[in-house]
Amino acid sequence: MNDPAAPSTPPSPADFGFRVEHRLSSGGSTGSNGEPLGRAGTISTPHGDIQTPAFIPVGTKATVKSLLPATVRELGGQAVLANAYHLFLQPGSDLVDEAGGLGAFMNWDGPTFTDSGGFQVMSLGVGFKKVISMAESAHSGSEVIAKNKERLAHVDEDGVTFKSFLNGDKHRFTPEVSMRIQHELGADIMFAFDECTTLLNTREYQEDSVARTERWAVRCLDEHARQTASRPHRPYQALFGVVQGAQYEDLRRTAAAGLAGLRGAEATGQEFDGFGIGGALEKRDLGTIVGWVSDELPDAKPRHLLGISEPDDLFAAIAAGADTFDCVAPSRQARGGSMYSPTGRINAKAATQRRRFEPLDAECDCFTCENYTAAYLHHLFKAKEMLASTLATIHNERYIVRLVDRIRASIVDGTFAELREEVLGRQYGAEFAREAARRAIAPTGDRS
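Draft legend 1. Region of interest: the packing of aromatic side chains. Summed over all chains, the structure comprises 14 aromatic pairs. A centroid spacing of 6.1 Å and a plane angle of 75° characterise the contact between F16 and F240, whose relative ring orientation is edge-to-face. Placement of the pair is F16 in the segment before β1 (17–23) and F240 in strand β11 (residues 238–243), with a sequence separation of 224 residues. Per residue, the accessibility class of F16 equals that of F240, and both read buried. When the ring of Y340 is compared with that of Y399, the centres are 5.5 Å apart and the planes differ by 10°; the resulting orientation is stacked. With a gap of 59 residues between them, Y340 in the loop between β15 (338–339) and β16 (346–347) and Y399 in helix α14 (residues 386–413) connect regions that are remote in the sequence. Its relative accessible area of 0% is what places Y340 among the buried residues. Residue classification places Y399 among the buried residues on the basis of a relative accessible area of 12%. Three or more aromatic residues joined by ring pairs form one cluster here, namely Y85, F88, F162, F173, F193 and W216. The aromatic ring of W108 is capped on one face by R73, whose charged end is 4.6 Å from the ring centroid. Its guanidinium or amino end placed over the ring of Y248, R203 lies 4.8 Å from that ring's centre, counting from NZ or CZ.

Draft legend 2. View of the sheet that holds strand β8 (residues 160–163). With antiparallel pairing, the three strands of this open sheet are ordered in space as β7-β8-β9. The outermost strands of the open sheet, each flanked by one partner alone, are β7 (153–155) and β9 (170–173). Direction aside, the axes of adjacent strands within the sheet are offset by 20° on average. Judged from the three bridges that link them, β7 and β8 form a sheet pairing that is antiparallel.

Cut-offs and rules
Residues numbered from 1 in each chain as written. Predicted model: local features only at pLDDT ≥ 70, side-chain atom pairs only at ≥ 80, totals over all residues. Heavy atoms only, no water. Phe/Tyr/Trp six-rings, centres within 6.5 Å; stacked < 30°, edge-to-face > 60°. Helix = DSSP H or I, 4+ residues; strand = E, 2+ residues; numbered from the N terminus. Buried < 20%, exposed > 50% of the residue type's maximum accessible area, 1.4 Å probe, protein only. Lys NZ or Arg CZ within 6 Å of the ring centre and 35° of its normal. Pairing = 2+ DSSP bridges. Axes fitted to C-alpha atoms, helices over the stretch in contact; angles between N-to-C directions.

Put into structure tokens, the structure is as follows:
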């Protein structure tokens with residue numbers, strides 16, 4: 001269905017942009033050219049700008065669980081990210097397309113992201129669900145599978161065969177199918193179809209996977225160009241390539257450099273508008289790996305780190321050059337009663353909260369903390385009231401969104417190192433904060 005509000009001119013990559021406005025003056029990584037990797041800037045999309053660094057709340061099935069879109073906007077969310085695989089299964093990307101695209105369907109007027117389905121290659125394929133950081137010593141074979149789990153995704157050169165977790169139906173995802181689905185979903189930013197591996201896969205398998213992901217990336221570029229040309233009634237959708245390579249510096253750098261210079265085989269002028277950093281990594285190596293990748297990617301294009309939200313990870317990633325992030329953790333943990341605070345997690349269900357007639361977090365400016373007590377939130381959880389999830393999610397999402405906004409401001413005014421010391425010192429302890437600072441400024445490849 002044509003969107004009457006859509007532009008009359010054909011969609012163009014010029015409708016998407018990114019500009020770097022401030023550099024991290026101290027306290028972060030530097031690239032091989034001696035320039036700081038950390039930065040603040042603005043991503044421009046047909047549905048509005050995103051001030052970076054920015055945390056992007058996840059609305060997997062076209063909804064941030066338990067929140068109205070207006071609430072996401074009120075708590076400071078600049079964009080939302082939805083899951084292409086889940087929306088393909090239900091209600092169907094064709095239905096979302098008919099509704100006018102993801103934003104219109106969910107009544108969100110800001111920028112939108114969709115992932116490619118690549119994460120489901122890992123989560124459904126090996127059965128580890130959301131866990132991608134695992135000790136390598138546990139397994140060694142290329143056919144990794146969690147104990148007592150059925151493999152629901154099988155990878156081959158052409159694509160991936162999925163078995164639906166909803167009804168057992170089989171579906172075929174290829175780079176071309178992923179591009180078609182994401183174009184139908186209509187997000188402003190989408191990701192090339194990739195294979196997300198685990199740390200349990202062998203080095204040999206990681207090498208094969210990186211090469212296969214690059215071959216898939218070429219096919220994504222070509223299909224993206226075809227879809228863009230065939231859908232002039234919709235604004236341009238930016239396509240990000242995804243850098244894999246697990247914990248190996250040579251693979252990460254090779255993958256990043258390869259994607260940075262990649263063009264379509266048929267649409268030879270089509271290139272990536274930005275880049276995602278995905279896949280398996282150990283938490284302690286996060287900043288190091290992001291630094292390797294950022295050093296290889298073009299400075300003039302945005303970098304999105306998939307699947308992080310913990311305060312220490314955010315500081316590490318931003319110091320190493322990442323611009324945007326997404327993660328389901330703030331909302332998922334909120335629904336279980338695990339709440340962020342400046343001095344560590346608070347269990348809203350704990351008996352200590354039962355008679356706390358004060359805000360859960362006195363320093364927080366969210367709707368929940370300004371209007372309700374910890375005792376009331378505790379009651380809602382114990383009574384299994386739906387409002388518990390709403391109030392808890394408002395707080396957790398606001399906490400992370402606000403933290404990243406504060407980090408952006410610290411890059412602008414030159415106080416990043418001081419903010420990191422303050423936040424991480426209170427959250428995890430002074431020694432942790434000092435170690436985080438040391439690792440952030442250590443030369444690339446020397447952060448052990």
